[in-house]
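# Coordinates in review
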Amino acid sequence: MFEIFGIPSQALFGQLLIGLINGSFYALLSLGLAVIFGMLNIINFSHGAQYMLGAFAAYFLLQVAGLNYWVALVVAPIAVGFTGVVIERLFLQWLYKLDHLYGLLLTFGLALIIEGVFRNYFGSSGLPYRVPDALQGGQNLGFMFLPNYRAWVIVFSVVVCFATWFLIERTRLGANLRAATENPTLVRAFGINVPRMITLTYGFGVGLAALAGVMAAPIYNVSPQMGSDLIIIVFAVVVIGGMGSIMGAILTGFGLGVIEGLTKVFFPEASNTVIFVIMAIVLLIRPSGLFGRGT
Amino acid sequence: MLDPRTPLLSVDNLQAWYGESHILHGVAFDVFPGEVVTLLGRNGAGKTTTLKSVMGIVGRRTGSVRFENDEMIGRASNQIARAGIALCPEERGIFASLNVEENLLLPPQVRPGGLSLDQIFELFPNLRERLGSSQGTKLSGGEQQMLAIGRILRTGARLLLLDEPTEGLAPVIIQQIGKTIRTLKQQGFTILLVEQNFRFASTVADRYYVMEHGKVVHRFANSELNANLDKLHELLGV
């Protein structure tokens, strides 16, 4: 045990860890939002509900089919991503030429319906999901105790975030996506099936939300409102990072998680508001966000 | 190989609309394999809209656009591209979020027989030097035009639609683009060119169609250019 600025190391690093965990979810969710906004021009308000669906998918896979966490990590994002594909084909594809507001209202309505249905059947107290056997226990690092599962969440989200960044910024497929974001008409006139690419992008973004949901299930309870609790903060993160910037979404997500955690140590009263204060300041100084490319 | 007397592209009674405005009123023309055909006409005559209608990227279009005897009018633009038509748009369409190499490699290969990267660099040596450049839109106007033409040569498309490739460029670059078009013609490409600059067009074109008010009003071959100069001056207002 030692102290930093009069704070015991256990408390400091404990909050830092919680900050990194929250930051992992902020990053994964705001990344999905950024990908969807970049390609579809839709502010996906059902992102929180889709994160919740991921957690419930993991829960059902375990309870009903007896399939463990590792299977859920693969199956849940694909299944929830597929529901995203259906939503895009049924509803969203008709909204691209309209004002942002329509996409926002539609996805917000979907979120309310999905959450309402789940609350009706599962209540709001939350269902437990066990940490997978391989990640039980933890490591004593001397200055703090690190649960294995939390370490896994941080490492795995960093890997997923940077794999997504690499896919979009460094591959041929990503070049197609970036080009279609800029000028979909011309990209289509080169022979690329842009509408299909848009559908799959939405499915991918929704799948990322569901993946975050599966990872969250053993940490938080699986509950219908787990998404709406989180999504407000995630939107603040997206505003701070700048809509549509991939690296911006990742760095701001982790960064703000850590800032929030440290605020809990040094000035606990502000910990719930610090992100929104930062958002207000960023909006005043750089309205397009820290990493935004302007409008 | 198609019979050289069968048109590669045959446009008939082409009508097109942007929203409520009716832009093309029954455009008709043919392009035969291996030809360079130029659409001339004043601003707003419908030349660019004609290219866009062939490519399938205007709001609404009717009539007939036959490519290699297949009807294209009902197809989406990605299917038209896959059939073997490629567009180099007037605004060049270089992507700011892509580097030069990504811009060059963006259009997918739709058929075998496109140029290799080395062949493209032979036509446009500047592009090879610029390959490592960060952003496609940081190139000079001439280099962006070369990139816009170069990238569609890889695809294997046999019909190239070039919309004012010389617009706003220095004379020395215009000469290089003229040379490129003649080289491409020798290599068997068929080119439909839109030009304001008919002096440039006369260095590359086999035949001309003159457009006015969304229709083709006059046609002649390059050998008849001198006999048509007066009429051309009248139609183009130059």
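Residues numbered from 1 in each chain as written. Chains lettered and ligands numbered in written order. Predicted model: local features only at pLDDT ≥ 70, side-chain atom pairs only at ≥ 80, totals over all residues.

### Regarding the interface of chain B and chain A
Worth spelling out the cut-off: Here the contact rule is simple: place C-beta atoms from the backbone, and any two residues whose C-beta atoms are within 7 Å are in contact. Runs of H or I in DSSP of at least four residues are treated as helices and runs of E of at least two as strands, each being numbered from the N terminus. Residues are grouped as follows: nonpolar covers Ala, Val, Leu, Ile, Met, Phe, Trp, Tyr, Cys and Pro; charged covers Asp, Glu, Lys and Arg; every other residue, Gly included, is treated as polar.
Contacts between the two partners involve 19 residues from chain B, matched on the other side by 16 residues from chain A. Taken together, the elements giving at least two residues each to the side of chain B that touches chain A come down to α2 (77-83) and α3 (100-105) of chain B. In terms of residue count, the dominant contributor to the side of chain B that touches chain A is α2 of chain B (four residues). Its residues placed into classes, the side of chain B that touches chain A shows 13 nonpolar, four polar and two charged.

### Structural notes on the packing of helix α2 (residues 47-63) of chain A against helix α8 (residues 194-216) of chain A
Residues and elements named next belong to chain A. For the record, the criterion: What counts as an axis is a line fitted to C-alpha atoms, over the stretch in contact for a helix, and the angles between N-to-C directions run from 0 to 180 degrees. Between 65 and 115 degrees an angle is taken as roughly perpendicular, under 35 as roughly parallel, over 145 as roughly antiparallel, and anywhere else as oblique. If you view the pair so one helix is near and one far, a crossing is left-handed when the near helix is turned anticlockwise from the far one by less than a right angle, and right-handed when it is turned clockwise.
Packing of α2 against α8 brings their axes to within 7 Å, and their N-to-C directions diverge by 50°. Of the possible angle classes, the one that applies to α2 and α8 is oblique. Between α2 and α8 the crossing geometry is right-handed. Residues His47, Gln50, Tyr51, Met52, Leu53, Gly54, Ala55, Ala57 and Ala58 of α2 form the contact with α8, whose participating residues are Val206, Ala209, Ala210, Leu211, Ala212, Gly213, Val214 and Ala216. Across the contact of α2 with α8, the residue classes tally to 13 nonpolar, four polar and no charged.

### Considering helix α9 (residues 226-241) of chain A
Residues and elements named next belong to chain A. Defined as follows: Every helix has an expected span of 1.5 Å times one less than the residues it contains. At every residue, the bend is computed as the angle between two fitted axes, covering the seven residues ending there and the seven beginning there respectively. In this scheme the burial state of a residue depends on its C-beta neighbours within 10 Å: 20 or more other such atoms mean buried, 12 or fewer mean exposed, and anything in between means partly exposed; the C-beta positions come from the backbone.
A rise of 1.5 Å per residue sets the reference length of α9, with its 16 residues, at 22 Å; its end C-alpha atoms lie 23 Å apart and thus fit the reference within 8%. Taken as a whole, α9 carries its principal kink of about 25° at Ile232. What α9 keeps buried is the set Met226, Gly227, Leu230, Ile231, Ile233, Val234, Ala236, Val237, Val238, Val239, Ile240 and Gly241. On its buried face, α9 is in contact with α1 (9-40), α2, α8, α10 (246-266) and α11 (274-285). Directly beyond the C-terminal end of α9, a positive phi value near 105° is found at Gly242.

### With respect to unusual backbone geometry
The general pattern is negative phi for most residues beyond glycine and trans for most peptide bonds. Residue and element names in this part refer to chain B. Phi is positive for Asn13, close to 45°, though the residue is something other than glycine. Mapped onto the secondary structure, Asn13 falls in strand β1 (residues 9-18). Judged by the 12 C-beta atoms lying within 10 Å of it, Asn13 falls in the exposed class. Positive phi is not limited to glycine here, since Asn69 has a value of about 70°. Along the chain, the position of Asn69 falls in the loop between β4 (60-67) and β5 (70-71).

### Observations regarding the pairing of strand β10 (residues 215-221) of chain B
Residues and elements named next belong to chain B. Defined as follows: Think of it this way: DSSP has to see at least two bridges between two strands before they count as a pair.
With six bridges connecting them, strand β9 (residues 207-212) and β10 associate as antiparallel partners. If you follow Tyr209 over to β10, its bridge partner there is Arg219. As consecutive antiparallel partners, β9 and β10 are separated by two residues, and within that stretch His213 has a phi angle of approximately 50°, a positive value.

### Some thoughts on the sheet that holds β10 of chain B
Residue and element names in this part refer to chain B. The strand order β6-β7-β8-β3-β9-β10 describes an open sheet built from six strands, whose pairing is mixed. Each edge of the sheet is formed by a strand with only one pairing partner; in this case those strands are β6 (85-88) and β10. Pairwise comparison of adjacent strand axes, ignoring direction, gives a mean angle of 20° for this sheet.

### Quick notes on the environment of Glu212 of chain B
Residue and element names in this part refer to chain B. Position of Glu212 among the secondary structure elements: in strand β9. On the neighbour-count criterion, Glu212 (16 C-beta atoms within 10 Å) is partly exposed. Separated by 168 residues in the primary sequence, Glu212 and Gly44 have C-alpha atoms spaced 8.2 Å apart. If sequence neighbours within four positions are ignored, Glu212 has contacts with Gly41, Ala45, Val217 and Leu235.

### Focus on the nonpolar core
The cut-off we apply is this: Working definition: the nonpolar core is a set of buried Ala, Val, Leu, Ile, Met, Phe, Trp, Tyr and Cys residues, joined through C-beta atoms within 7 Å.
Ala58 of chain A together with Leu161 of chain B are the most contacted members of the largest nonpolar core, which totals 155 residues. Excluding residues within four positions of it along the chain, Leu161 of chain B makes contact with Leu51, Val54, Met55, Ile85, Ala86, Leu87, Cys88 and Leu192 of chain B.

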